[in-house]
Amino acid sequence: ALPGNEIEVEAPKLAEVSFPGFWETLRTVDPGPGPRAGSPRGPVVVTIDGPAGSGKSTTATAVAERLGYRHLDSGAIYRALTLALLEEGIPREAWGALELDRLRNIPLAIAPEGTELRIALGDRILADELRSAAVTAAVSDAARVPAVRARLLDLQREAGRAGGLVADGRDMGTVVFAHTPAKIFLTASAEERAQRRYNQLIHKGESVNLRALLTEIQARDERDMNRPVAPLKAADDALIVD
Ligand code: CDP
């Protein structure tokens, strides 16, 4: 039975016909945390959502380390699918009409590496290419396509099935792990977030312009918050940290 559902069995004795001792055996099974586990009995899924540059990934990595949980950067999955679409040369205007079956042919998978969950595209483990300017500029366009979100949903839920996961992104607490008891929404002003990105990039030796970064962050906020599917917002039961 799916966790969280209440199921009433009208004639339990019938189970004896094909499985003598079924109910006794069932009672010995550990139900595990399950997606609704509201009790602190087992490892849960912790969700950390927020806008670009709010510090989600850094925070999620640190929280996962403290708890001994795995870390899922869901933005990286959206970036990976975006990279695949760019590499296949599918024009951006055509992304909105992409069908789920077509997207299922893209060989995306989650590959555990220690406590980090890396993203694999075919036999490549993706890393720096996910944060290229081309992918960053295109990712919100891909993320607003319903079939893209549907394609990536199972992948993300599967990663959290056994609990013990810190998942960061935009809709971890509102959609993907909507029933988890531990939700954080991390935020900061667009100016503050642009400044952080600026410092990061300068530190990496890249030449960047603060104004341009601010404009890009504001544009991405706008697109992420106003899309019809899974818009960026805090879950009602999230703890908001500014
Ligand atoms: O690191 P940054 O906050 O800039 O972005 P990211 O977390 O890598 O996510 C990149 C983009 O993917 C976001 O701007 C969203 O458009 C999309 N995304 C999403 O729609 N849902 C998620 N759960 C995660 C990312």
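Reading the values: the criteria
- Residues numbered from 1 in each chain as written.
- Predicted model: local features only at pLDDT ≥ 70, side-chain atom pairs only at ≥ 80, totals over all residues.
- Heavy atoms only, no water.
- Near = heavy atom within 4 Å.
- Polar contact = N/O pair within 3.5 Å; in protein donor to acceptor, adjacent residues only side chain to side chain.
- Areas by Shrake-Rupley, 256 points an atom, 1.4 Å probe, with all protein chains shown as cover.
- Helix = DSSP H or I, 4+ residues; strand = E, 2+ residues; numbered from the N terminus.
- pLDDT = per-residue confidence, 0-100.
- Contact = heavy atoms within 4.5 Å.
- Core = buried A, V, L, I, M, F, W, Y, C linked by side-chain atoms within 4.5 Å.
- Buried < 20%, exposed > 50% of the residue type's maximum accessible area, 1.4 Å probe, protein only.
- Expected span 1.5 Å × (residues − 1).
- Arc of directions from axis to C-beta.
- Pairing = 2+ DSSP bridges.

Chemist: Would you take a moment to explain the site of the ligand for this structure?
Modeler: The local shell around the ligand holds 20 residues, among which Arg79, Arg131, Arg149, Arg220 and Asp224 are the closest. At 2.8 Å from an oxygen atom of the ligand is found a side-chain nitrogen or oxygen belonging to Arg149. Protein contact buries 99% of the 530 Å² of open area that the ligand shows by itself. Secondary-structure elements contributing two or more residues to the shell around the ligand are helix H4 (74-87), helix H6 (133-143) and helix H10 (210-226).

Chemist: Help me understand the confidence of the model for the protein chain in this model?
Modeler: Atom-level detail of predicted coordinates should not be read off regions where pLDDT is low. Here the protein chain averages 90 in pLDDT, and 93% of its residues register 70 or above. With pLDDT under 50 throughout, residues 35-39 is counted as low confidence; its partners more than four residues away or in other chains account for nine contacts.

Chemist: Please explain the nonpolar core as it appears in this structure.
Modeler: As a rule of thumb, soluble globular proteins bury nonpolar side chains together. Core analysis: the largest hydrophobic core is formed by 37 residues, its most contacted members being Leu85, Trp95, Leu103, Ile106, Leu108, Leu152 and Leu165. Listed by contribution, the elements that provide at least two residues to this core are H4, strand S4 (116-121), H6, helix H7 (146-160), strand S6 (165-169) and helix H8 (172-176). With eight residues, H4 is the largest single contributor of residues to this core. Each residue touching Ile106, except ones within four places of it in the same chain, is listed here: Leu81, Ala84, Leu85, Glu88, Leu121 and Arg151. Core analysis: the next-biggest nonpolar cluster, separate from the first, contains eight residues, Val46, Ala60, Ala64 and Tyr69 among them.

Chemist: Any chance you could explain helix H3 (residues 56-67) here in plain terms?
Modeler: Think of an α-helix as turning once every 3.6 residues; residues three or four places apart then point the same way. Taking 1.5 Å as the rise per residue, H3 with 12 residues should run 16 Å; its terminal C-alpha atoms sit 16 Å apart, in good agreement. Those residues of H3 lying buried are Lys56, Ala60 and Ala64. One face of H3 carries all of its buried residues, which in axial projection span an arc of 60°. In H3, the exposed positions that point more than 90 degrees away from the buried face belong to Thr58, Glu65 and Arg66. Residues of H3 that are buried make contact with strand S1 (45-49), strand S2 (70-73), S6 and strand S7 (182-186). Immediately beyond the C-terminal end of H3, within one or two residues, lies Gly68, with a positive phi of roughly 70°.

Chemist: What's the story with the environment of Gly42 in this structure? I'm lost.
Modeler: Within the element layout of this structure, Gly42 appears in the loop between helix H2 (22-28) and S1. Taking the relative accessible area as the measure of exposure, Gly42 reaches 26% and is therefore partly exposed. Separated by 182 residues in the primary sequence, Gly42 and Asp224 have C-alpha atoms spaced 33 Å apart.

Chemist: Help me understand the pairing of S4, please; the structure alone is not making it clear to me.
Modeler: Regular strands place their side chains on alternate faces of the sheet. Of all six residues making up S4, five are buried, and the element is well covered by its neighbours. Here strand S3 (residues 108-113) runs beside S4; their pairing, made up of six bridges, is antiparallel. Bridging across to S4, Leu108 finds its partner in Leu121. Counting the residues that bridge the hairpin from S3 to S4 gives two residues, and of these Gly114 lies at a positive phi of roughly 65°. Here S4 folds back onto strand S5 (residues 124-126) in antiparallel fashion, the turn holding two residues, of which Gly122 has a positive phi close to 60°.

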